[in-house]
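Single-letter residue listing:
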Amino acid sequence: MSEFTPRYLADYQVSAFTISTIDLTFELDDTATKVTSVMSVKRQGSGEEPLVLDGEHLTLLSVKIDQCLLSASDYYLSATGLEIPVRADEFQLTIVTEINPQDNTALEGLFKSGDAFCTQCEAEGFRRITYYLDRPDVMAVFTSKVIADKIKYPYLLSNGNKIASGELDNGKHFVQWHDPFPKPCYLFALVAGDFDLLQDSYLTSENREVALEIFVDKGNLAKAEHAMASLKNAMAWDEETFSLAYDLDIYMIVAVDFFNMGAMENKGLNVFNSKYVLADTESATDVDYYNIEAVIAHEYFHNWTGNRVTCRDWFQLSLKEGLTVFRDQQFSGDMNSKTVSRIQNVRVLRSQQFAEDAGPMAHPIRPEKVMEMNNFYTLTVYEKGSEVIRMIHTLLGAEGFAKGMALYFERFDGMAVTCDDFVNAMADASKVDLTQFKRWYSQSGTPHLKVSESFDPEANLYHLTISQHNQAGELSSPQSCLHIPVKMELIDADSGIGQQQLLELTAPEQTWTFEHYQAKPVVALLEDFSAPVKVDFEQTDLALEVLMLAASDGFCRWDAGQKLLSRYLHKLVLEPGYALPASLITIFSKILQKDSDPAFTAEQLTLPAFGEVVDQIHQVDPLALVNALKTLKGFLAKGLQEPLSACYHNCAEKTALSHQQAIGNRALKNICLSYLAVLPGADTLVAAQLSSAANMTDTLAALNASAYNNLPAFDSQMSAFESKWHDTPLVVDKWFTINASLNSDDIFERLAALLKHPLFSIKNPNRARALIGAFVSANPQYFHCQSGRGYQFLAEQIKRLNEINPQVASRLITPLIQYKEYDLSRQQLMLEQLKVLRALPQLSKDLLEKLDAALN
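Residues numbered from 1 in each chain as written. Predicted model: local features only at pLDDT ≥ 70, side-chain atom pairs only at ≥ 80, totals over all residues. Heavy atoms only, no water.

Here we look at the overall build of the chain
Item 1. From N to C terminus, the chain includes 26 helices and 31 strands.
Item 2. Taking 856 residues into account, the globule formula puts the C-alpha radius of gyration at 29 Å, and the chain, at 28 Å, falls close to it.
Item 3. Referenced to the eigenvectors of the C-alpha coordinate spread, the extents of the chain come out at roughly 90 × 65 × 60 Å.
Item 4. Taking the intrachain contacts of the chain between residues at least 6 apart in sequence as the baseline, contacts between residues at least 24 apart amount to 70%.
Item 5. Approximately 33,300 Å² of the chain is accessible, and the part contributed by carbon and sulfur atoms is 49%.
Item 6. Seen as two clouds, the 72 positive and the 109 negative side-chain charges of the chain have centres 2 Å apart. (Helix = DSSP H or I, 4+ residues; strand = E, 2+ residues; numbered from the N terminus. Rg over C-alpha atoms; globule rule 2.2 N^0.38 Å. Contact = heavy atoms within 4.5 Å. Areas by Shrake-Rupley, 256 points an atom, 1.4 Å probe, with all protein chains shown as cover. Lys, Arg positive; Asp, Glu negative; His and termini not counted. Charge placed at Lys NZ, Arg CZ, Asp CG, Glu CD.)

Examining the sheet that holds strand β30 (residues 522–525)
Item 1. Strand order in the open sheet formed by three strands is β28-β27-β30, and the pairing between neighbours is antiparallel. Two strands close off the open sheet at either side, each with one partner strand: β28 (498–505) and β30. Along the sheet, successive strands turn relative to each other by an average axial angle of 25 degrees, direction set aside.
Item 2. As defined by bridge partners, strand β27 (residues 484–491) adjoins β28 across eight bridges and the pair is classed as antiparallel. When the bridges of β28 are listed, proline 485 appears paired with glutamate 504. (Pairing = 2+ DSSP bridges. Axes fitted to C-alpha atoms, helices over the stretch in contact; angles between N-to-C directions.)

Topic: the sheet that holds strand β16 (residues 190–193)
Remark on secondary structure: sheet strands pair via backbone hydrogen bonds, oriented parallel or antiparallel.
Item 1. The antiparallel open sheet is built from four strands, whose spatial order is β10-β11-β16-β13. Bordering the open sheet on either side are β10 (109–113) and β13 (155–158), each of which pairs with just one other strand. Across this sheet, the average inter-strand angle for adjacent strands is 20 degrees, counted without regard to direction.
Item 2. With four bridges connecting them, β13 and β16 associate as antiparallel partners.

A few points about the pattern of salt bridges
Item 1. Inspection of the entire model under this criterion finds 50 salt bridges.
Item 2. Residue aspartate 54 is joined to arginine 127 by a salt bridge in which the shortest nitrogen-to-oxygen separation is 3.7 Å. Taken together, the residues span a long stretch of sequence, with aspartate 54 in strand β4 (residues 51–54) and arginine 127 in the loop between β11 (116–120) and β12 (140–149) at a distance of 73 residues.
Item 3. Residues glutamate 453 and lysine 520 are paired through a salt bridge, measuring 3.0 Å at the closest nitrogen-oxygen approach. (Salt bridge = Lys/Arg side-chain N within 4 Å of Asp/Glu carboxyl O.)

Some remarks on the pairing of β16
Item 1. Across the two faces of β16 the burial is the same, with Leu190 and Ala192 and Val191 and Gly193 all buried.
Item 2. In this sheet, β16 lies alongside β11 in antiparallel orientation, the contact comprising two bridges. Within β16, the residue paired with cysteine 118 across the bridge is valine 191. (Buried < 20%, exposed > 50% of the residue type's maximum accessible area, 1.4 Å probe, protein only.)

Digging into the environment of threonine 606
Item 1. The topology assignment puts threonine 606 in the loop between α10 (598–605) and α11 (610–614).
Item 2. Between the alpha carbons of threonine 606 and glycine 639 there is a distance of 16 Å; along the sequence they are 33 residues apart.
Item 3. Polar contacts involving the side chain of threonine 606 include one to the main-chain carbonyl oxygen of alanine 602, which spans 2.7 Å. (Polar contact = N/O pair within 3.5 Å; in protein donor to acceptor, adjacent residues only side chain to side chain.)

Description of helix α25 (residues 824–838)
Item 1. In a regular helix each residue adds 1.5 Å, so 15 residues correspond to 21 Å; α25 covers 21 Å between its end C-alpha atoms and thus fits that length.
Item 2. Here the buried face of α25 lies against α12 (622–639), α22 (789–804), α24 (814–817) and α26 (845–855). (Expected span 1.5 Å × (residues − 1).)

Considerations on the side chain of asparagine 273
Item 1. Mapped onto the elements of the fold, asparagine 273 is located in strand β21 (residues 269–273).
Item 2. In this structure the side chain of asparagine 273 is engaged in a polar contact, spanning 2.7 Å, whose partner is the side chain of asparagine 766.

Some thoughts on the pairing of β10
Item 1. With five of five residues buried, β10 lies mostly within the body of the structure.
Item 2. Here β10 pairs with β11 via five bridges, running antiparallel. For leucine 110, the partnering residue across the bridge sits in β11 and is threonine 119.
Item 3. Between β10 and β11, which pair antiparallel in sequence order, lie two residues; one of them, glycine 114, sits at a positive phi of approximately 65 degrees.

With respect to unusual backbone geometry
Item 1. Glutamate 122 connects to alanine 123 through a cis peptide bond whose omega is 5 degrees.
Item 2. Within the element layout of this structure, alanine 123 appears in the loop between β11 and β12.
Item 3. At leucine 107, a position not held by glycine, the phi torsion is positive, near 60 degrees.
Item 4. Inspection of the secondary structure puts leucine 107 in the loop between β9 (90–99) and β10.

Remarks on the environment of aspartate 30
Item 1. For aspartate 30, the location among the structural elements is in the loop between β2 (17–27) and β3 (33–43).
Item 2. Separated by 70 residues in sequence, aspartate 30 and asparagine 100 place their C-alpha atoms 6.5 Å apart.
Item 3. Once residues within four sequence positions are removed from consideration, aspartate 30 is found in contact with Asn100, Pro101, Gln102, Lys112, Phe117, Lys152 and Tyr153.
Item 4. Among the polar contacts listed, one links the side chain of aspartate 30 to the side chain of lysine 112, at a separation of 2.9 Å.

Comments concerning the packing of aromatic side chains
Each pair of aromatic rings is reported with the distance of its centres and the angle of its planes.
Item 1. For the coordinates displayed, the defined rule picks out 37 aromatic pairs.
Item 2. Taking the centre distance of 6.4 Å and the plane angle of 70 degrees together, the rings of phenylalanine 17 and phenylalanine 91 count as edge-to-face. One end of the pair, phenylalanine 17, is in strand β2; the other, phenylalanine 91, is in strand β9, and 74 residues separate them in sequence.
Item 3. Phenylalanine 17 gets classed as buried once you look at its relative accessible area, which sits at 2%.
Item 4. Its relative accessible area of 5% is what places phenylalanine 91 among the buried residues.
Item 5. Residues phenylalanine 775 and phenylalanine 783 carry aromatic rings whose centres are separated by 6.1 Å and whose planes lie at 85 degrees to one another, so their mutual orientation is edge-to-face.
Item 6. Every member of this aromatic cluster is reached through a ring pair, and the members are Trp237, Phe242, Tyr246, Tyr251, Tyr300, Phe301, Phe326, Phe331 and Phe401.
Item 7. A cation over a ring is seen here: lysine 145 above phenylalanine 174, with NZ or CZ 4.7 Å from the ring centre.
Item 8. Of note, arginine 312 hangs over the ring of tyrosine 12, and the distance from its end group to the ring centre comes to 3.7 Å. (Phe/Tyr/Trp six-rings, centres within 6.5 Å; stacked < 30°, edge-to-face > 60°. Lys NZ or Arg CZ within 6 Å of the ring centre and 35° of its normal.)

As for the nonpolar core
Item 1. Leu93 and Phe422 are the most contacted members of the largest nonpolar core, which totals 292 residues.
Item 2. Among the elements that take part in this core, helix α5 (residues 379–412) stands out by supplying 14 residues, more than any other.
Item 3. Beyond its immediate stretch of four places on either side in the chain, phenylalanine 422 contacts Leu319, Leu323, Ile389, Ile392, Phe401, Met405, Tyr408 and Tyr441. (Core = buried A, V, L, I, M, F, W, Y, C linked by side-chain atoms within 4.5 Å.)

Structural notes on the packing of helix α7 (residues 541–550) against helix α9 (residues 583–593)
Item 1. Across the interface, α7 lies against α9 with an axial gap of 10 Å and an inter-helix angle of 10 degrees. It follows from the interaxial angle that α7 and α9 lie roughly parallel. On the side of α7, the interface is formed by Glu545, Met548 and Leu549, while α9 contributes Ser583, Ile587, Phe588, Lys590 and Ile591.
Item 2. Residues of the contact of α7 with α9, tallied by class, amount to five nonpolar, one polar and two charged. (Parallel < 35°, antiparallel > 145°, perpendicular 65-115°, else oblique. Nonpolar A, V, L, I, M, F, W, Y, C, P; charged D, E, K, R; others polar.)

Notes on the packing of helix α1 (residues 225–242) against helix α3 (residues 317–335)
Item 1. Two elements in contact, α1 and α3, have axes whose closest approach is 11 Å; the angle formed by their N-to-C orientations is 105 degrees. On the basis of the axis angle, α1 is roughly perpendicular to α3. Across the interface between the two elements, Ser230, Asn233, Ala234, Trp237, Asp238 and Phe242 of α1 pack against Arg327, Gln330, Phe331, Asp334 and Met335 of α3.
Item 2. Residue classes in the contact of α1 with α3 are distributed as five nonpolar, three polar and three charged.

A short note on the UniProt feature "domain: Aminopeptidase N-like N-terminal" (unreviewed entry) in the chain
Item 1. According to UniProt, the feature "domain: Aminopeptidase N-like N-terminal" (unreviewed entry) maps to residues 76–187 in the numbering used here.
Item 2. With 0% helix and 53% strand, the stretch residues 76–187 has end C-alpha atoms that lie 28 Å from each other. (UniProt positions renumbered as here; feature names shortened; annotations may be inferred.)

Some details on the environment of alanine 245
Item 1. Looking at the element boundaries, alanine 245 is found in the loop between α1 and β19 (250–256).
Item 2. In this structure alanine 245 comes out as buried when scored by relative accessible area, which is 5%.
Item 3. On a C-alpha basis, the gap between alanine 245 and phenylalanine 181 in space is 15 Å, while along the polypeptide they are 64 residues apart.
Item 4. In this view, alanine 245 contacts Thr204, Ser205, Glu206, Glu239, Tyr300 and Trp304; residues no more than four positions away in its chain are not counted.

Brief notes about the state of the cysteines
Item 1. Scanning the entire structure with this criterion turns up zero disulfides.
Item 2. No disulfide involves cysteine 419; its sulfur sits 7.3 Å from that of cysteine 311, the nearest cysteine.
Item 3. Residue cysteine 419 is classed as buried on the basis of its relative accessible area of 1%. (Disulfide = S-S within 2.5 Å.)

In structure tokens form, the structure reads like this:
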């Protein structure tokens, strides 16, 4: 099979061979690591087909079958694998390979991260280590022996429990690990290096004493304490919520700087991007703390939802990722503000996943066609996949969902299964028919709900009609209708008293009638965002204002405000000279004066994101939208200057607060600052906060305000920040990000200089995302400038990354391939750059798939 041949879900076949055990020996060397693999292989069925193993970027040294050395004529070797004709139905296969970790800039398989060896095998990286059946439904018991120089690499880590260690000649030593749980090779991990070690322990509900170890770069030990606390909280939460206890004697986390993903859930040995482990109040923001807690929990929760029960094939990726994202979101809601956590989930979905659904790479949460699997670690699979799980939770209730989880593990523990297997377990446990619901797994695009209402004052009847439409805006046929849970509340506009309901939309159109209303109620739809849909419902400004203050559900209060703000942004974009109404100042004054959670108030005051509004306006002029956002922000800042200033200073004066209260207080203070900083004379306020800031949250808020408004002191402020933090990589990433977001006409000259900065390395994924990715996402005014220079800048960096790290290149290209969201002139400019990239002579599969989807 050509490496550029697509794979289809419909073509799935059970592997002709299984591997029950694999013993690995690694003799680590920077440029010539020797890997010896001893596998117990068994044929499945009665066929006579050859054994075909996956392998890439390997030097094959030898192959043995049952200790018999094969000659080169006994097998067929290609750039993508090893084919061995075998007659035996059961045999031992020994393969010795050599690999070069130092030159592995793609960061897949075994590579060097700084001075440490590290692996990343999901999705198909194990084939860069040795020849193997690199597919998730082949599950084996792994034993791994790691050999290396003892002084340079005192810690030799792999999956499972440590079973042996010892000294060797020439200053080397070894450690051997055994994982008793069969797993696919994508969950294999190896790390070797010299670290600081934070140790703790956890006693499970089954009285198993688990050693907890977090390995970090030297000097960062204190920054791992929040990660350790988060891990213990996650372990306790999973026991309390789903009765799932950890199953090995040790749980290890290693933080590395060079890593394509956020983290990886390898059995017993999680490898993390250091961004999601290291934190202290001086160098990390409140958002950093929140994200570390969420990602630590996510990878821990994978121990059951992903490791103990894994995917049959990669098309089923959402089986583990959608379910585990849902679990980490529930955990984050329990550890923090449920409402604010939910709002943040929905912001990501609306600003990014909805755009993915509408773009050339749109796919169901269970894709049907894949060329490069790395391209399907998407917001659709993760975030929309989580929303699909959440809908099941809504339909079954918490108790029914817990029963379904218990049945799922009872049936499939130790197996590789499908999304259908999960849904069937949920349905069987609660005796609820989810047959129609399964369509969520096979349909792409964001469903649209069209809502209309009527009120009969004589009969005191209120009628609510909802119809569902597909991505093209056509009315769904009964055969393609989705099962959509719509949580809602009917609110009496006078008393503010509400009646909550769960509606189940299963037909193209349905009408519900509600009795005993003396006046037309106000409807709060999609409480807690009960379904990942867009809603077409023309509620009046007055109705939205009622919801902003009176809806029982915090999400609906926030959402009503976002709808109102988006409505005015649309008018500013489409109606030049539109004058914003004074009523907007009145309603937001009430919100500022309302005694509620400050973190929630901060969310209410936050404008809709650029990406959210782009998704709502057909072929928008991006600069018109940028100007609309500036106009709206300036209007609110001027009209609310007094209450914003009072709120800011009130927050600044509060000191005796709990941890969670302090987080909310900072969020509210800094959203106030972002408004006040657009007003004349803001330099003094921003500078004062910067000089008095006792934490990174307040420091970055001030620097971002300075960058957004291009304040005169920006350069000196950033110079001082760089001087203080130049030796702290994660803070240097923040420095690059703020520089990339500067609203200045000389931004491209600045970007050119930043690319040559001594602290910048395009080979470091975090650094590349901090500069290139931040410019694209955080600086729409210049990324979308009329000359097309922003698109050219991105294309030039993607060209470089294509040869260095195709995964990062593929992720950064997303804004270009979504060119149809913008006006025709921007479309043409983006298309020019896409065609330039498509003509590259050595185009990676990662980019090829996306470029062809965008250009065809």
